[in-house]
Amino acid sequence: QVQLVESGGGLVQAGGSLRLACAASGNIFAINTMGWYRQAPGKQRDLVAVITHSDSTNYEDSVKGRFTISRDNTKNTVYLQMNSLTPEDTAVYYCNVALYVGGTFEHREFWGQGTLVTVSL
């Protein structure tokens with residue numbers, strides 16, 4: 001009933017920028033938090049940034065000052081603006097949305113399909 005579609009990944013040179021987007025659609029009653037995770041090959045999946053319903057944000061230390069998470073509630077979309085990218089940022093980025101499903105009011109988490117970000121030297 002709920003679908004997340006990610007976009008915006010690609011290959012960029014160190015110092016470049018990318019903007020990721022994740023749009024949620026379907027039977028949504030209300031969205032609580034939206035966030036971005038990333039996973040490099042052979043590594044654990046780590047939280048990158050989170051934004052709450054009231055627009056409070058939290059960032060992993062290594063991306064503070066470089067990444068900005070935002071949301072458009074009218075479009076049920078979360079964005080991640082990534083600036084000053086380094087090879088350490090290379091990973092598959094996944095969006096995550098915690099929400100209440102319409103009708104049943106179940107609290108559920110949904111994951112996007114993942115989008116690859118590759119930062120070259």
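Up top is the structure.
Residues numbered from 1 in each chain as written. Predicted model: local features only at pLDDT ≥ 70, side-chain atom pairs only at ≥ 80, totals over all residues. Heavy atoms only, no water.

Caption draft 1: Region of the structure containing the sheet that holds strand β7 (residues 67-72). The strand order across the open sheet built from four strands is β1-β3-β8-β7, with neighbouring strands paired in antiparallel fashion. At either margin of the open sheet sits one strand with a lone partner, and together these are β1 (2-7) and β7. Ignoring which end each strand starts from, the neighbouring axes of this sheet average 15° apart. For strand β3 (residues 18-26) and strand β8 (residues 77-82), the ladder comprises six bridges, and the chain directions are antiparallel. (Pairing = 2+ DSSP bridges. Helix = DSSP H or I, 4+ residues; strand = E, 2+ residues; numbered from the N terminus. Axes fitted to C-alpha atoms, helices over the stretch in contact; angles between N-to-C directions.)

Caption draft 2: Inspection of the pairing of strand β10 (residues 107-111) at higher detail. Relative to β10, strand β9 (residues 91-101) runs antiparallel, the two sharing five bridges. Bridge pairing in β10 places Leu99 opposite Arg108. Hairpin connection of β9 to β10: five residues between the antiparallel strands, including Gly103 at a positive phi of 85°.

Caption draft 3: Quick look at the pattern of salt bridges. The full count for this structure, using the stated rule, is four salt bridges. Salt-bridge contacts for Asp89 lead to Arg38; the nearest nitrogen and oxygen are separated by 2.9 Å. With Asp89 in the loop between β8 and β9 and Arg38 in strand β4 (residues 28-39), the pair connects residues that are 51 residues apart, well separated along the chain. When sorted by exposure, Asp89 lands in the same class as Arg38, which is buried. Its salt-bridge partner being Asp61, residue Lys64 comes within 3.1 Å of it at the nearest N-O pair. For Lys64, a relative accessible area of 47% gives the class partly exposed. (Salt bridge = Lys/Arg side-chain N within 4 Å of Asp/Glu carboxyl O. Buried < 20%, exposed > 50% of the residue type's maximum accessible area, 1.4 Å probe, protein only.)

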